[in-house]
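Structural features, examined
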Amino acid sequence: PLPAAYPTAALLGCIDIVDCVDRETLRASKGPGEEGTESEYGFVCEHPKRLAMPAPIKGAHKIWAVDPTLLARAQKQLYDLA
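For the structure given in this document, a descriptive report is provided here. (Residues numbered from 1 in each chain as written. Predicted model: local features only at pLDDT ≥ 70, side-chain atom pairs only at ≥ 80, totals over all residues. Heavy atoms only, no water.)

1. Quick word on the sheet that holds strand β3 (residues 78–80)
One open sheet holds the three strands; their spatial order is β1-β2-β3, and the pairing between them is antiparallel. Two strands in the sheet have a free side with no partner beyond their single neighbour: β1 (10–22) and β3. Neighbouring strand axes in the sheet, compared pairwise and without regard to direction, differ in orientation by 30° on average. Across three bridges, the pairing between strand β2 (residues 41–56) and β3 is antiparallel. (Pairing = 2+ DSSP bridges. Helix = DSSP H or I, 4+ residues; strand = E, 2+ residues; numbered from the N terminus. Axes fitted to C-alpha atoms, helices over the stretch in contact; angles between N-to-C directions.)

2. A look at the layout of surface pockets
As a volume, the largest pocket reaches approximately 1700 Å³. For the largest pocket, the lining is made up of 37 residues, of which Leu12, Cys14, Ile15, Cys45 and Pro48 are closest to its centre. Of all the secondary structure elements, the ones that give two or more residues to the lining of the largest pocket are β1 and β2. Among the elements that make up the lining of the largest pocket, the one with the highest residue count is β2 (12 residues). Looking at the lining of the largest pocket, its residues break down into 25 nonpolar, six polar and six charged. (1 Å grid on protein atoms, 1.4 Å probe; cavity = no way out; pocket = protein on both sides within 12 Å on 5 of 7 lines; lining within 4 Å. Points joined across faces, edges and corners; volume = space filled by probe spheres on them. Nonpolar A, V, L, I, M, F, W, Y, C, P; charged D, E, K, R; others polar.)

Put into structure tokens, the structure is as follows:
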């Protein structure tokens, strides 16, 4: 089940984006309990890793680069969710 709430303005972890597919392909492949999207396209993600401690961060809309210093610190505390 999905959490009721998520931290905001925080870096939580990382994933590998392995594909970008259209909405219909994404909807057809989603499993029970997975959320859909109203976007025209969606990312297929694998290998989720979580930070031991979420890092406060101010991001930007859509995809953006993380500050290299924060990235280096964050990479040291990632752990697999599996």
